[in-house]
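If you want the building blocks of each chain, they are given just below.
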Amino acid sequence: MRDPKPLFILNGPNLNRLGKREPEIYGYTTLGEIETWCRQAAGKRPVQFRQTNSEERLIEWVHEAIDEDAAGIIINPAAFTFTSLALLDALKMFPGPIIEFHISNVHRREPIYHRSYVSMRATAVMAGLGAAGYPTAVHAIEALIEQNKV
Ligand code: DHK
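Procedures and definitions
- Residues numbered from 1 in each chain as written.
- Predicted model: local features only at pLDDT ≥ 70, side-chain atom pairs only at ≥ 80, totals over all residues.
- Heavy atoms only, no water.
- Core = buried A, V, L, I, M, F, W, Y, C linked by side-chain atoms within 4.5 Å.
- Buried < 20%, exposed > 50% of the residue type's maximum accessible area, 1.4 Å probe, protein only.
- Helix = DSSP H or I, 4+ residues; strand = E, 2+ residues; numbered from the N terminus.
- Contact = heavy atoms within 4.5 Å.
- Axes fitted to C-alpha atoms, helices over the stretch in contact; angles between N-to-C directions.
- Parallel < 35°, antiparallel > 145°, perpendicular 65-115°, else oblique.
- Left-handed = near helix turned anticlockwise from the far one by under 90°.
- Nonpolar A, V, L, I, M, F, W, Y, C, P; charged D, E, K, R; others polar.

Of all hydrophobic cores here, the largest spans 26 residues; its most connected members are Ile9, Ile34, Ile74 and Val138. For this core, the secondary structure elements donating two or more residues are strand E1 (7–11), helix H2 (31–42), strand E2 (47–51), strand E4 (98–102) and helix H5 (133–146). Per element, the largest residue contribution to this core is six residues, and it comes from H5. With sequence-adjacent residues up to four places away left out, valine 138 is seen in contact with Leu7, Ile9, Cys38, Ala41, Ala42 and Ile74. Membership of the second largest hydrophobic core comes to 17 residues, among which are Leu10, Phe80, Leu87 and Val118.

Here it is in structure tokens:
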């Protein structure tokens, strides 16, 4: 049986500070714990789990997901969600399902967090489930992959 295509789970700026960053909004779970949950939820599917504070690097990882023929992308673009047309343009080139993920419910926060560029390409958006929502996103994207949803 051919190896399953990889799942890319990409995280944007300041998410490396999870656990001590504004715990009243983001909770106390660290990104390392989230990575463990995602790998468990993905089972046999290979996972590329990454975080960067650099817009350029995040865009290059989307290009890599395209070149690696990834099965899907789960992306928490953090602040780049609301600022990066370049990231949107990169995601538009990815042929598979994309889940835009936010730990907090951005729609319940200040207006600067209401207009997402990424949502213009995302297959689905998840927000407000907390860190525990990440493994839920892994299960959700497996269903989208199964249904060839883009
Ligand atoms: C994380 C951030 O860093 C913010 O810029 C976003 C997102 C929300 C989150 O909830 O995961 O607005």
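Let us look at the packing of H2 against H5. Where H2 meets H5, the closest approach of the two axes is 8 Å, and the angle between their N-to-C directions is 25°. Overall, the two elements H2 and H5 adopt an arrangement that is roughly parallel. Helix-helix and strand crossings are classified by hand; for H2 and H5 the assignment is right-handed. Here Ile34, Trp37, Cys38, Ala41 and Ala42 of H2 lie close against H5, whose contacting residues are Tyr134, Pro135, Val138 and His139. Per-class residue counts for the contact of H2 with H5 are eight nonpolar, one polar and no charged.

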